[in-house]
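Structural features, examined
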Amino acid sequence: MTVTIVGAQLGDEGKGGIVDLYGDAADVVARYQGGDNAGHTVVEDGDEYKLSLVPSGAVRGKTGVLGNGVVVNPRTLFDEIDALNERGLDPDVRIARRAHVIMPYHRVLDGIEEEAKSDSDLEAGTTGRGIGPTYEDKVGRRGIRVGDLLDPAVLRDRLEYVVPQKRAIYEDVYGKSAGEEFDVEALFEEFRAFGERIRAEDMAVNAGEFLAQQEHAGANVMLEGAQGTSLDIDHGIYPYVTSSNPTAGYAATGTGLGVTEVGRGEVIGIIKAYLSRVGTGPLPTELDGDLAEYIRDEGGEYGTVTGRPRRVGWLDMPMLRHAARARRFTAIAINHLDVLAGLDELRVGHAYELDGETIETMPATTERWGDCEPIYRTFDGWPEVDWRDVANEGYDALPEAAREYVEYVETELGVPAYAISVGPDRADSIVRTDPFA
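All residue numbers refer to positions counted from 1 along the written sequence of the respective chain. With the structure being a predicted model, the display of local features is reserved for residues of pLDDT at least 70 and the display and counting of side-chain atom pairs for 80 or more, all residues being used for whole-chain, interface and lining totals. To get the side-chain values, all heavy atoms of the structure are used, and hydrogens and water are removed first.

A look at the overall build of the protein
Note the threshold: In DSSP terms, a helix is any run of H or I states spanning at least four residues, a strand is any run of E spanning at least two, and both are numbered starting from the N terminus. In this setup the radius of gyration rests on C-alpha atoms only. A globule is expected at 2.2 Å times the number of residues raised to 0.38. When checking whether two residues touch, look at their non-hydrogen atoms; a contact exists if any pair is within 4.5 Å. Areas reported as accessible are Shrake-Rupley estimates using a 1.4 Å probe. Residue values count occlusion only from the protein chains shown. Charge counting treats Lys and Arg as positive and Asp and Glu as negative, with His and both chain ends excluded. Here the site of a charge means NZ on Lys, CZ on Arg, CG on Asp, or CD on Glu.
Within the protein, the regular secondary structure consists of 15 helices and 20 strands. At 22 Å, the protein has a C-alpha radius of gyration in line with the 22 Å of a compact globule built from 437 residues. A separation of at least 24 residues holds for 76% of the contacts in the protein among residues at least 6 apart in sequence. On the protein, roughly 17400 Å² of surface is accessible, and the fraction owed to carbon and sulfur atoms is 43%. Taking the 43 positively charged and 79 negatively charged side chains of the protein as two groups, their mean positions are separated by 6 Å.

Put into structure tokens, the structure is as follows:
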């Protein structure tokens, strides 16, 4: 069967930890979109692993697949694999031949395009890792795919076609002097070598066929999304979004599995007990001042990939209702519940007021979302406790006010919380239901 792990908010919900938590029962973990702009942090027995491209299941020794919907930077991929090797792990990572490759010129153009937008309200706050330009080339039918790296003649043809276009944009539009990032010969030599390593290590696969074969052999497959629903290019707060579709429907497209294969499995929405994000755009429940700093520091709210401090806010229930509808959750997992301990009271954005009316989900346009005023519900706070003891004892050991908070979210979304995280380590989680059981 499949279990799909998706972010329900604006990314940074802790999806990697939940993938790791349930990863013991999975045989294969497949990423279906995004690239090395996605940061996943996994903590095992106090050891922290920060991954941006290698699927989170690698820490548990599971086969990882980067699906055709992922954009792959081979530099990042092999740096991560080599770093895991140095720490005693031997990750088994397969890459879809249809996955598109992030080239050095994509990163350069990403940075300069974002810089050009910096004086307008269109700046998306990208990580500058070339994700958007790579997806643009994919849609424009001028991209380079992993399969192309395996055939030097095809790779050279692709480069000789696209690189002069990119160099012209860089030099003629932006008035810059192009370097090796726009040199066909330098790019050919580097990326041919990546192709040789991919072939030597037998990493390239037809992802859909590979995953279907695994399933038919009885394997449990976990599908891992990056970012969150409100960063989805179609369903998010456009233009302050990522360049792909984190929603669960794309799990089929981005892996090659049939939509009925994904639909028959569980879809678990990952929720942080409050709200956080990196980047620009509206955020109706945003906090500032000492309270924001407290939550940011307690929750370690700094980007895994960028190190940038995240904006924080109270939980936004209209956002979660939108995510639950767009992704059709069968369950949720709630992370960082412990971070809110010690507050006298908490608030949740239960609904919005817009033009004198009360609405319970997000408007279709970001501009209208920015016009929304949150309607809050207040909850009693809960004290600091020994969270490891709580995790060991189970759900009933949570402070009563914390249980009321969890049950409010369950009731509003109409699905159960399968897991609740009360700390950074795998052992700091209350597992109520195993989705593979």
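Re the sheet that holds strand E1 (residues 2–7)
To keep things clear, this is the line we draw: By this definition, two strands are paired if DSSP reports at least two bridges between them. In this description, a line fitted to the C-alpha atoms serves as the axis of each element, helices being fitted only across the stretch in contact, and the angle between N-to-C directions of two axes falls anywhere from 0 to 180 degrees.
Spatial ordering of the open sheet is given by E9-E7-E5-E2-E10-E1-E11-E15-E19-E20, a layout of ten strands whose pairing is mixed. Here the strands that pair on one side only, and so sit at the sheet edges, are strand E9 (204–205) and strand E20 (429–431). Relative to strand E7 (residues 92–96), strand E5 (residues 63–66) runs parallel, the two being bridged by four bridges. The partner of Thr63 across the bridge, within E7, is Asp92. On the sheet, helix H8 (residues 207–216) packs against E1, strand E2 (28–31), E5, E7, E9 and strand E10 (221–224) and is oriented at approximately 150 degrees with respect to E5.

Notes on the packing of helix H12 (residues 317–327) against helix H15 (residues 400–413)
Rule in force here: For classification purposes, angles smaller than 35 degrees are called roughly parallel, those larger than 145 roughly antiparallel, those between 65 and 115 roughly perpendicular, and all remaining angles oblique. Should the near helix be turned counterclockwise from the far one by less than a right angle, the crossing is left-handed, whereas a clockwise turn marks it as right-handed. Each residue is assigned to one of three groups, with Ala, Val, Leu, Ile, Met, Phe, Trp, Tyr, Cys and Pro labelled nonpolar, Asp, Glu, Lys and Arg labelled charged, and all others, Gly among them, labelled polar.
Where H12 contacts H15, the axes come no closer than 10 Å and their chain directions differ by 45 degrees. Overall, the two elements H12 and H15 adopt an arrangement that is oblique. Both H12 and H15 take part in a crossing whose hand is right-handed. Contacts between H12 and H15 pair Met317, Leu320, Arg321 and Ala324 from the former with Tyr408, Val409, Glu412 and Leu413 from the latter. Across the contact of H12 with H15, the residue classes tally to six nonpolar, no polar and two charged.

Here's the deal with the domain arrangement of the protein
Stated precisely, the cut-off is as follows: Where each domain starts and ends comes from a domain assignment, either automatic or drawn from a database. By convention, the term buried area covers the 1.4 Å-probe accessible surface removed from two parts as they join, with the contributions of both added. A pairing counts as a salt bridge when a side-chain nitrogen of Lys or Arg comes within 4 Å of a carboxyl oxygen of Asp or Glu. Polar contacts, as counted here, are pairs of nitrogen or oxygen atoms within 3.5 Å of one another; within protein the pair requires one atom able to donate a hydrogen and one able to accept it, and residues that are adjacent in sequence qualify only if both atoms are side-chain atoms.
Each assigned domain of the protein is listed with its residue range as follows: domain 1 (2–96 + 204–267), domain 2 (101–200) and domain 3 (272–431). Measuring from the centre of the C-alpha atoms in domain 1 to the corresponding centre in domain 3 gives 23 Å. Note on domain 1 versus domain 3: buried area summed over both sides is about 3100 Å², and carbon and sulfur give 52% of it. Of all residues in domain 1, Gln9, Leu10 and Asp12 give up the largest surface area on contact with domain 3, accounting jointly for 20% of the area buried on that side. For Arg310, the salt bridge identified is with Asp12, shortest N-O distance 3.2 Å. At the boundary of domain 1 and domain 3, one finds 15 residue pairs in polar contact (both at pLDDT 80 or more). For the side of domain 1 that touches domain 3, the secondary structure elements donating two or more residues are E1, helix H1 (15–22), strand E3 (40–44) and strand E11 (266–272).

Remarks on the packing of helix H6 (residues 152–173) against helix H7 (residues 184–200)
Where H6 meets H7, the closest approach of the two axes is 10 Å, and the angle between their N-to-C directions is 145 degrees. The hand of the H6/H7 crossing is right-handed. Residue-level inspection shows Pro152, Leu155, Arg156, Leu159, Glu160 and Val163 of H6 in contact with H7, the latter providing Val184, Glu185, Leu187, Phe188, Phe191 and Arg192. Classifying every residue of the contact of H6 with H7 gives eight nonpolar, no polar and four charged.

Remarks on the pattern of salt bridges
Here the structure, examined in full by the defined rule, presents 27 salt bridges. A salt bridge links Glu293 to Arg296; the shortest N-O distance between them is 2.6 Å. With a gap of three residues between them, Glu293 and Arg296 both fall in helix H11 (residues 289–299), about one helical turn apart. As a salt-bridge pair, Asp428 and Arg388 come within 2.4 Å of each other at their nearest N and O atoms. Linking Asp428 in the loop between strand E19 (417–421) and E20 with Arg388 in helix H14 (residues 387–393), this pair joins segments that are 40 residues apart in sequence. By sharing partners, the salt bridges in this structure join Asp12, Lys272, Glu301 and Arg310 into a single network.

Remarks on the side chain of Thr63
Basically, it comes down to this: Partly exposed residues are those whose accessible area sits between 20% and 50% of the maximum for their type, while under 20% is buried and over 50% is exposed, using a 1.4 Å probe and protein chains only.
Residue placement: Thr63 occurs in strand E5. By relative accessible area, which is 17% here, Thr63 ends up buried. Within the structure, Thr63 has its side chain in polar contact with the side chain of Asp92 (distance 3.0 Å). Sequence-distant contacts of Thr63, that is, excluding residues within four places in its chain, are made with Asp27, Val28, Val29, Asp92, Arg94 and Phe210.

Quick notes on the pairing of strand E4 (residues 47–51)
As paired strands, E3 and E4 are joined by five bridges and run antiparallel to one another. The partner of Glu44 across the bridge, within E4, is Asp47. The turn linking E3 back onto E4 is made up of two residues, and Asp45 within it adopts a positive phi angle of 50 degrees.

With respect to a negative patch on the surface
The cut-off we apply is this: The residues that make up patches have over 30% relative accessible area and no salt bridge, and they are joined within 9 Å when like-charged or within 5 Å when they are Val, Leu, Ile, Met, Phe, Trp or Tyr.
A grouping of Asp344, Glu345, Asp380, Glu400, Glu404 and Glu407 is seen on the molecular surface, where their side chains present a negatively charged patch. Top contributing element to the negative patch by residue count: H15, with three residues. In this structure, Glu404 sits in helix H15.

Concerning helix H2 (residues 74–86)
So the rule is basically this: Expected span of a helix, by definition, is 1.5 Å for each gap between consecutive residues, and there is one gap fewer than residues.
Across its 13 residues, H2 extends 18 Å between first and last C-alpha, which sits within 8% of the 18 Å expected from 1.5 Å per residue. Gly88, located one to two residues past H2, shows a positive phi value of around 90 degrees.

Considering the nonpolar core
Among soluble globular proteins, nonpolar side chains are generally buried collectively. Note the threshold: Throughout this description, the term nonpolar core refers to a set of buried Ala, Val, Leu, Ile, Met, Phe, Trp, Tyr and Cys residues connected via side-chain atoms within 4.5 Å.
In terms of nonpolar packing, the biggest core is built from 102 residues, with Leu77, Leu337, Trp382 and Leu398 touching the most fellow members. Ranked by residue count, the leading element in this core is H15, at seven residues. If we skip the residues at most four places from it in the chain, Trp382 touches Leu337, Leu340, Ala341, Gly342, Leu343, Leu346, Trp387, Pro399, Ala401, Ala402 and Tyr405. Among the nonpolar cores identified, the runner-up in size contains 16 residues, and Val3, Ala26, Ile270 and Ala331 belong to it.

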